[in-house]
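In case you want the letters, here they are:
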Amino acid sequence: MMPHVVTSARSFDVVVIGAGPAGGYLAGKVAAAGYDVALVEEHREIGEPIQCGGLVTPRVFEYVRCKETIIGAVHGAELFSPSGRRLVIDGHHTQAVVVQRAMFDRAIATDAVRKGAHTFLGAQAQSARREDGRVAVSIDQDGAPRTLRAKILVGCDGVRSNVAKWFNILRPRKILPGFEVEMTGVRGDAGFVKLFIGNEIAPGFFGWIIPSGDTARVGLCVGEGNAYAYLERMLQRPEVKQYTKGAQPILYIAGGIPLGFPRRTYADNVLVVGDAACQAKAVSGGGIFTSLTCSDFASRTVIEALEANDYSARVLHRYHKAWTKSIGKELRKDLAIHESFARLRDDQFEELFDIFDSPEMRLLIEKKGDIDFPSKVGWALIKEDPRLLKYVGKALRAMIVKNVVV
Ligand SMILES: Cc1cc2nc3c(=O)[nH]c(=O)nc-3n(C[C@H](O)[C@H](O)[C@H](O)COP(=O)(O)OP(=O)(O)OC[C@H]3O[C@@H](n4cnc5c(N)ncnc54)[C@H](O)[C@@H]3O)c2cc1C
């Protein structure tokens, strides 16, 4: 089916800025309920440029039907300590899959179009303001300015969200810089992701190799600094080179992971969702599952508001309440876990490897590990070996008291 091509300025029930997973999914849900939805994307091609490793749990397919975008399956992880020591965790069955991210985003947006959403591609939202109980959004589509009016504006415009800025909603406390290179010819068991930990490799986060079909994505995020320079150094390390020696780059990917827990993700006539609302997991940087989960909550609130003809912050607040009381609880814990680990020294990471390198601990990780809910295995590990308490920060310690009986 051909997408609708809209040639004149007009009014919509909902204007969604950003055709990533959060925006595409929400546009489809609201359009399927019979409302007029515009999906505005600044790039001409949805899904490009890619800014992602594409690692997700099969749970995402409870939201979106695009399994054809899967290019690999992962059942375990090989973790490398700062000194290069290796710890293998094998879940023995599929724990996560790797998707071709551009195809994934395109499939979600295509579904939205099938459900009736109108796409505006090559269209950058440049400003938005509230007027007469509606929102007017100024966009520039291939040099032509136009205005879209909406009852509700949804900012799914990613980590540097302008919608959030325009409506004074929130700014992420910090954006972790990330850099990734897709390489061909990377060796190693494609059933395992490889994670590289340590302050020389990736201070404040970690490095990774994610097998992705015929290629692999080799990348890292850091607490601060030049992620590209760190990646270049990471590629020289023997524990990384054993996989990448002779491999060739085919694509460079830069991006950022938003950190923080927003106090408010709504305003009169406005919601922000996904990376725009800092809804990525601080432990892993993964944000596709959480964006879709929150987008589902947002779409329900948007439909309720449209049915009630009430777009006030009082009604739109329901979305904020819904996501903070569900997936938000995990995101808050992930932030505390991240903050604990981001400040550890290399010798402390080595001690942690000592603790984890026991059959009991490995079994626990294999049984309870879940990349969408990392805190679950965290609590179980602390129960199993309270020595771990030594490594946790103040915020996490307070949560542990509530969650774990030690
Ligand atoms: C290096 C790296 C690796 C990652 N790897 C993974 C991973 O393996 N698994 C995982 O789950 N997550 C991963 N993530 C996180 C994941 O990419 C994001 O959490 C996810 O894309 C968030 O989806 P979103 O829809 O909120 O935003 P995005 O996917 O960022 O989409 C936002 C969209 O808005 C558009 N936009 C922005 N401003 C405007 C404007 N003014 N006008 C019009 N359009 C606009 C952008 O072009 C973009 O298409 C990674 C992130 C990074 C940086």
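The structure this text deals with has already been given above.
What counts, and at which threshold
Residues numbered from 1 in each chain as written. Predicted model: local features only at pLDDT ≥ 70, side-chain atom pairs only at ≥ 80, totals over all residues. Heavy atoms only, no water. Salt bridge = Lys/Arg side-chain N within 4 Å of Asp/Glu carboxyl O. Helix = DSSP H or I, 4+ residues; strand = E, 2+ residues; numbered from the N terminus. Buried < 20%, exposed > 50% of the residue type's maximum accessible area, 1.4 Å probe, protein only. Near = heavy atom within 4 Å. Polar contact = N/O pair within 3.5 Å; in protein donor to acceptor, adjacent residues only side chain to side chain. Nonpolar A, V, L, I, M, F, W, Y, C, P; charged D, E, K, R; others polar. Pairing = 2+ DSSP bridges.

Draft legend 1. How the structure looks around the pattern of salt bridges. Tallying each qualifying case throughout the model produces 28 salt bridges. In this structure, the salt-bridge partner of K281 is D372, at a minimum N-O distance of 3.0 Å. Taken together, the positions of K281 in the loop between β18 (270-272) and α6 (288-308) and D372 in the loop between α10 (359-368) and α11 (374-384) put the pair 91 residues apart, joining distant regions of the chain. Of the residues examined, K281 reaches a relative accessible area of 4% and is grouped as buried. D372 sits in the buried class, given a relative accessible area of 1%. When salt bridges with common partners are traced through the structure, they connect R85, E350, D354, D357 and R362 into a single cluster.

Draft legend 2. Summary view of the site of the ligand. Taken together, 31 residues sit near the ligand, with E41, G53, L55, R101 and D275 positioned nearest. A125 places a polar main-chain atom, nitrogen or oxygen, 3.0 Å from a nitrogen atom of the ligand. Mapped onto the shell around the ligand, the elements with two or more residues apiece are α1 (21-32), β2 (37-41), β9 (123-131), β16 (248-259) and α6. Per-element tally for the shell around the ligand: the top contributor is β9, with three residues. The residue makeup of the shell around the ligand, split by class, is 11 nonpolar, 15 polar and five charged.

Draft legend 3. Spotlight on the pairing of strand β11 (residues 144-155). Of the pairings in the sheet, the one linking strand β1 (residues 10-17) to β11 comprises seven bridges and is parallel in character. Looking at the pairing, V16 lines up with V154 of β11. Relative to β11, strand β10 (residues 134-141) is paired through seven bridges, and the arrangement is antiparallel. Counterpart to V135 in the pairing with β11 is A150. Connecting the antiparallel pair β10 and β11 is a turn made up of two residues, with D142 showing a positive phi of about 50°.

Draft legend 4. Structural detail: the sheet that holds strand β3 (residues 55-56). On the basis of which strands lie adjacent, the open sheet formed by three strands has the order β3-β7-β4 and antiparallel pairing. Pairing within the sheet leaves two strands with one partner each, and these edge strands are β3 and β4 (70-74). Inspection of the sheet shows β3 paired to strand β7 (residues 96-99) by two bridges, in the antiparallel sense. In the sheet register, L55 faces β7, and the bridge partner there is V98.

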